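# Overview (structure and organization)
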Amino acid sequence: MPAYHSAFNEFSDAMQAGNMSILPIRTKIRGPAPLADPEQGDIIDETLDLFRANSLFRNFEIKGPADRLLIILILYISDCLAKIGSARTVPTQIEASKMLNTLSVDNFAIPGDAGFPLNAHYAPPQSRADAEYLRTYLTQVRQELAVRLVERLYADGTGKPSKWWMAFQKRRFMNRSLGS
């Protein structure tokens, strides 16, 4: 059974940095990302929907530039779950939100950097300005993804993260990690 790919691969109007799509998102967080239609799903919703299924796969065929963004976001969700799971006590929703917000704005490697784990599959940005744009875009997307992930993790109202999500904290998509 093949892995699930992004529906945004056919989105031909998307800007690109390197060979990765810069897709619109629904957000209230300031940043360079184009705003998506509030009635439509965006790449963050798609990532959250596909995370658990795709994290079971070790191989992933990249079919377009949106798949490259999907891979980075899935690996980021894995890092978020590992961060919440490694806390000494089970964090409340507010504590988890603070932890993940800190993780999302921490310094991280982008394609082309020496510490980026998937450099073989990603083209580096063309210029320093493109690299800075990509870094700020990914920071904004990571912040919005952290907000929506916490909403899903604590959706049951018990004050504890969902065991159905936390079961994936040790799973590694493509046996990789962003190393956050």
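Relevant structure appears above.
Quick caveat: nothing in here was measured; it's all calculated off a predicted structure. (Residues numbered from 1 in each chain as written. Predicted model: local features only at pLDDT ≥ 70, side-chain atom pairs only at ≥ 80, totals over all residues. Heavy atoms only, no water.)

## Here's the deal with the packing of helix α1 (residues 43-54) against helix α4 (residues 128-153)
Packed helices, taken two at a time, are described by their axes: the angle between them and the distance between them. Contact geometry of α1 with α4 gives a least axis separation of 10 Å together with a crossing angle of 45°. Comparing the axis directions of α1 and α4 gives the class oblique. For the pair α1 and α4, the sense of crossing is right-handed. Residue-level inspection shows Ile44, Asp45, Leu48 and Asp49 of α1 in contact with α4, the latter providing Val141, Glu144, Leu145, Arg148, Leu149 and Arg152. Classifying every residue of the contact of α1 with α4 by side-chain character gives 5 nonpolar, no polar and 5 charged. (Axes fitted to C-alpha atoms, helices over the stretch in contact; angles between N-to-C directions. Helix = DSSP H or I, 4+ residues; strand = E, 2+ residues; numbered from the N terminus. Parallel < 35°, antiparallel > 145°, perpendicular 65-115°, else oblique. Left-handed = near helix turned anticlockwise from the far one by under 90°. Contact = heavy atoms within 4.5 Å. Nonpolar A, V, L, I, M, F, W, Y, C, P; charged D, E, K, R; others polar.)

## Looking at the environment of Phe11
As for its position among the elements, Phe11 is in the segment before β1 (15-17). With 95 residues separating them along the chain, Phe11 and Asp106 place their C-alpha atoms 30 Å apart. Each residue touching Phe11, except ones within four places of it in the same chain, is listed here: Leu23 and Pro24.

## Quick word on the pattern of salt bridges
Scanning the entire structure with this criterion turns up 6 salt bridges. The partner of Asp42 in a salt bridge is Arg148, and the shortest N-O contact between them spans 2.8 Å. Of this pair, Asp42 sits in the loop between β2 (20-22) and α1 while Arg148 sits in helix α4, and the two are 106 residues apart along the sequence. The pair Asp42 / Arg148 is uniform in exposure class, with both members buried. Asp113 is the partner of Arg135 in a salt bridge, and the nearest nitrogen-oxygen pair spans 3.1 Å. Of the two residues, Arg135 is situated in helix α4 and Asp113 in the loop between α3 (93-105) and α4; the sequence distance between them amounts to 22 residues. Relative accessible area serves as the criterion here: at 25%, Asp113 is assigned to the partly exposed category. A single network of salt bridges, built from pairs that share partners, joins Arg26, Asp42, Asp45, Glu144 and Arg148. (Salt bridge = Lys/Arg side-chain N within 4 Å of Asp/Glu carboxyl O. Buried < 20%, exposed > 50% of the residue type's maximum accessible area, 1.4 Å probe, protein only.)

## What about the packing of aromatic side chains?
Within this structure, the stated rule accounts for 3 aromatic pairs. Centroid distance Phe116 to Tyr122: 5.3 Å. Interplanar angle 85°. Geometry classified as edge-to-face. Through successive ring pairs, a cluster of aromatic residues spans Phe51, Trp165 and Phe168. Lying over the aromatic face of Phe108, Arg135 brings its terminal NZ or CZ to 5.7 Å of the ring centre. Arg142 extends its terminal NZ or CZ atom over the ring of Phe108, reaching a point 4.1 Å from the ring centre. (Phe/Tyr/Trp six-rings, centres within 6.5 Å; stacked < 30°, edge-to-face > 60°. Lys NZ or Arg CZ within 6 Å of the ring centre and 35° of its normal.)

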